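Working through the structure, step by step
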Protein chains: 2
Amino acid sequence: MTEWFEQLRWNEQGLVPAVTQDAASGRILTVAWMNQEALKQTFATMQAVYWSRSRGKLWRKGEESGHVQRVVEIRLDCDADAVLLRVKQAGGIACHTGRHSCFYLRLADRNWQTVDPVLRDPGLIYKKS
Amino acid sequence: MTEWFEQLRWNEQGLVPAVTQDAASGRILTVAWMNQEALKQTFATMQAVYWSRSRGKLWRKGEESGHVQRVVEIRLDCDADAVLLRVKQAGGIACHTGRHSCFYLRLADRNWQTVDPVLRDPGLIYKKS
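Read on for an overview of the structure. Keep in mind the model is a prediction, meaning the values are calculated, not measured.

**Examining the pattern of salt bridges**
Counted according to the given criterion, the structure contains 16 salt bridges over all chains. Among the salt bridges present, the one from E3(B) reaches R110(A), with a minimum N-O distance of 3.9 Å. Here the residue E3(B) occupies a position in the segment before β1 (16-22), and R110(A) occupies one in the loop between β7 (105-108) and β8 (111-114), the pair thus bridging two chains. According to the relative accessible area criterion, E3(B) is partly exposed, its value standing at 34%. Here R75(B) and E73(B) are joined by a salt bridge, their closest N and O atoms 2.9 Å apart. Per residue, the accessibility class of R75(B) equals that of E73(B), and both read buried.

Structure follows, in structure tokens:
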């Protein structure tokens with residue numbers, strides 16, 4: 001029998017995009033990537049774990065910032081190549097800029113305009129120890 | 001000056017993932033892909049146009065089904081490598097299976113379980129002419 005995590009259509013790098021939605025606000029918080037291990041750890045811990053392509057390692061969301069994402073629901077799309085997480089976002093801040101969502105740029109007048117406020121100074125989120 | 005569509009970080013295939021959210025229900029409808037031309041046409045027409053990786057051509061969402069997506073808002077994320085569309089979904093059906101959203105599979109008991117109803121028989125949506 002094929003395990004649930006084997007039923008995804010992982011891309012040539014072994015990844016799928018993972019969209020994360022705030023269960024409270026309904027906002028899309030982030031688009032990140034998962035490999036099979038990230039998805040399995042997300043399911044096992046019910047906290048969002050992604051694959052960081054830039055760092056080339058598992059990324060336990062919130063491990064530095066404290067802004068962890070408690071997973072309410074994990075969904076898969078019709079062609080099994082994208083994952084959706086609905087989460088409770090700790091601190092209400094998903095973005096490294098200190099904003100609720102990473103999608104704070106809105107296209108208007110042929111420009112990407114910042115339309116969402118910074119809720120917390122990133123310098124306070126990522127304190128050097 | 002760099003044009004708005006040149007400010008994205010397109011991947012090695014010239015694509016970015018595009019997440020589409022229903023402006024009415026708040027549900028995530030689809031995750032698809034865009035190249036620069038798809039994004040420009042989406043902006044020009046304010047109807048969702050994607051890049052079909054399987055067919056290798058532009059995909060005007062709804063061109064066969066009639067289930068077009070009128071774009072309310074186009075957003076970009078903090079690292080400029082993912083697009084978010086908020087749309088009005090014609091017929092309330094985004095998925096080729098006749099469901100509201102493509103994300104109709106929910107992980108439960110280590111299985112992907114279908115949890116959303118078919119709203120219209122795909123055989124009626126995709127009529128052979």
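**Comments concerning the relation of the copies chain B and chain A**
For the match of chain B to chain A, the screw axis carries a shift of 0.0 Å, the RMSD comes to 0.0 Å, and the turn is 180°. As the rotation angle and translation indicate, the two copies are arranged about a two-fold axis. Across chain B, the smallest distance between a C-alpha and the rotation axis is recorded for G26(B), namely 3.1 Å.

**A closer look at the interface of chain B and chain A**
Each partner contributes residues to the interface: chain B has 41 residues there, and chain A has 41 residues. Buried area between chain B and chain A, summed over both chains or domains, comes out near 3,600 Å², and the portion from carbon and sulfur atoms is 63%. A per-residue breakdown of the area chain B buries against chain A is headed by R75(B), F103(B) and W112(B), which together make up 20% of the total. Counting across the interface, chain B meets chain A through eight salt bridges. Of the charged contacts in the structure, one is a salt bridge between D116(A) and R75(B), with a shortest N-O distance of 3.1 Å.

**A few points about helix α1 (residues 36-45) of chain A**
All names here are of chain A. Within α1 the residues assigned to the buried category are A38, L39, Q41 and T42. The arc that holds the buried residues of α1, viewed along the axis, is 165°, so those residues lie on one side. On its buried face, α1 sits against β2 (28-34), β3 (49-52), β4 (57-60), β5 (69-76) and β6 (83-89). One or two positions beyond α1, positive phi appears at M46, with a value near 55°.

What counts as what
Residues numbered from 1 in each chain as written. Chains lettered and ligands numbered in written order. Predicted model: local features only at pLDDT ≥ 70, side-chain atom pairs only at ≥ 80, totals over all residues. Heavy atoms only, no water. Salt bridge = Lys/Arg side-chain N within 4 Å of Asp/Glu carboxyl O. Helix = DSSP H or I, 4+ residues; strand = E, 2+ residues; numbered from the N terminus. Buried < 20%, exposed > 50% of the residue type's maximum accessible area, 1.4 Å probe, protein only. Least-squares fit on C-alpha atoms with pLDDT ≥ 70 in both. Contact = heavy atoms within 4.5 Å. Buried area = accessible area lost by both parts, 1.4 Å probe. Arc of directions from axis to C-beta.

Nothing here speaks to function; it is all geometry.
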